[in-house]
Amino acid sequence: MTNCMNTYIFKITEELDGERLDKALLYLIDSLSRSFIQKMIREGGVTINGAVSSRPGVRLSVDDEVIFELPDAVQPQIAAENIPLDILYEDQDVIVVNKPKGMVVHPAAGHYSGTLVNALMYHCGEELSGINGVMRPGIVHRIDKDTTGALIACKNDMAHNAIADQLKAHTIHRVYHAICYGNPQNEDGVVNAPIGRHPADRKKMAVVQKGGKEAITHYHVMRYFEKYAYLTCQLETGRTHQIRVHMSSIGHPLLGDELYASGRTSPYQLQGQCLHAMTLGFIHPRSGEYIEVNAPLPEYFEHLLKIF
């Protein structure tokens, strides 16, 4: 892959032979959403072997040259909102925040205010990267609405491209803390299982052998309780709902996870899964230095550990 400013140039390998254009680009550019990619394809932003292709479903072949042109950043039409931010680290290029439970990362249908983007726009003004379009200024990765913890946003396109490359190369250090149902048999384990869209429920992800993306989660049990376990999960990859899907797939879904806990009802008054992005480590896009930030456990999480 070659990336010059807002132009991405790919040579299709055997791994993507026969794949749909939109799915291939989603695989190659993790920082973009499939809906955004499809929109760009339909608007003529993609060429295959020099010819414009406006069909997201066109199939690719080995050695096809795909050029993807990202549009210039557009001034967001969403509102800046004075929402307090728990800032863990900030400089001229990046900002790392401790996202609270219940906050959506970026505006989408049903959530056009109160998001992290609304808060970042107020705090950073016009200092946010525009690569991901008008709805996601500064956003290079996400964590779920009810997952708390460290999330990095980028203030310019240089930083965005650098962090996106680290995410794609799986070199960003990400450690989550979680509470799961039951006691995993092994104190340390690795779940290596591909993740894709659930074949029957489009709201969910699932372990799928055909069409899934490589997904690897390392877990370590720090404390065993009678009905639960407190563990850390380190990501090699960063698939949607990865930890939630992987832990559920081995019979230990996260406490409070209404989507993947297979009908189990938490006896505690929780708002979603007990999952916290504790540690985020990255190479700074300008200085080249390694930066590591830790987000303290939220109060509800600490309380659960005391009463188990």
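Being a predicted model, the structure only gives us computed values, none of them experimental. (Residues numbered from 1 in each chain as written. Predicted model: local features only at pLDDT ≥ 70, side-chain atom pairs only at ≥ 80, totals over all residues. Heavy atoms only, no water.)

## Considering the overall build of the protein chain
Logical step 1: Of regular secondary structure, the protein chain possesses six helices and 16 strands.
Logical step 2: For 308 residues, the compact-globule estimate of 2.2 N^0.38 gives 19 Å, and the C-alpha radius of gyration of the protein chain, at 20 Å, lies within 12% of that figure.
Logical step 3: Considering only C-alpha atoms, the protein chain reaches an extent of 60 × 45 × 40 Å along its principal axes.
Logical step 4: Among the 308 residues that make up the protein chain, the fraction classed as buried is 51%.
Logical step 5: When the accessible surface of the protein chain is split by element, carbon and sulfur atoms take 48% of a total near 14,700 Å².
Logical step 6: Separation of charge centres in the protein chain, based on 29 positive and 35 negative side chains, amounts to 9 Å. (Helix = DSSP H or I, 4+ residues; strand = E, 2+ residues; numbered from the N terminus. Rg over C-alpha atoms; globule rule 2.2 N^0.38 Å. Buried < 20%, exposed > 50% of the residue type's maximum accessible area, 1.4 Å probe, protein only. Areas by Shrake-Rupley, 256 points an atom, 1.4 Å probe, with all protein chains shown as cover. Lys, Arg positive; Asp, Glu negative; His and termini not counted. Charge placed at Lys NZ, Arg CZ, Asp CG, Glu CD.)

## With respect to the pattern of salt bridges
Logical step 1: Counted by the stated rule, this structure contains seven salt bridges.
Logical step 2: Between Asp22 and Arg34 there is a salt bridge, and its shortest N-O distance comes to 3.2 Å. Linking Asp22 in helix H1 (residues 21-28) with Arg34 in helix H2 (residues 34-42), this pair joins segments that are twelve residues apart in sequence.
Logical step 3: A relative accessible area of 0% places Asp22 in the buried class.
Logical step 4: A relative accessible area of 27% means that Arg34 is categorised as partly exposed.
Logical step 5: Notably, a salt bridge pairs Arg244 with Asp257, separated by 2.8 Å at the nearest N-O pair. Of the two residues, Arg244 sits in helix H5 (residues 242-249) while Asp257 sits in the loop between H5 and strand E15 (275-283), which places them 13 residues apart along the sequence. (Salt bridge = Lys/Arg side-chain N within 4 Å of Asp/Glu carboxyl O.)

## Let's talk about the packing of aromatic side chains
What characterises a pair of aromatic rings is the spacing of the ring centres plus the angle enclosed by the ring planes.
Logical step 1: For the coordinates displayed, the defined rule picks out eight aromatic pairs.
Logical step 2: In textbook terms, an aromatic cluster arises when at least three aromatic residues are bridged by ring pairs, as seen for Tyr181, Phe225, Tyr228, Tyr268 and Phe308.
Logical step 3: The side chain of Lys168 reaches across the aromatic face of Tyr27, ending 5.7 Å from its centre. (Phe/Tyr/Trp six-rings, centres within 6.5 Å; stacked < 30°, edge-to-face > 60°. Lys NZ or Arg CZ within 6 Å of the ring centre and 35° of its normal.)

## As for the nonpolar core
For soluble globular proteins, nonpolar side chains are generally found buried alongside one another.
Logical step 1: Counting residues in each nonpolar core, the largest one holds 31 residues, and the members touching the most others are Leu120, Tyr176, Ile243 and Met247.
Logical step 2: When contributions to this core are tallied by element, the ones reaching two or more residues are strand E7 (94-99), helix H3 (116-124), strand E8 (148-154), strand E9 (173-181), strand E13 (216-224), strand E14 (228-235), H5 and E15.
Logical step 3: Examining the composition of this core, we find that five residues originate from one element, H3, more than from any other.
Logical step 4: By size, the runner-up hydrophobic cluster in this structure holds 22 residues, among which are Leu16, Leu21, Met40 and Val66. (Core = buried A, V, L, I, M, F, W, Y, C linked by side-chain atoms within 4.5 Å.)

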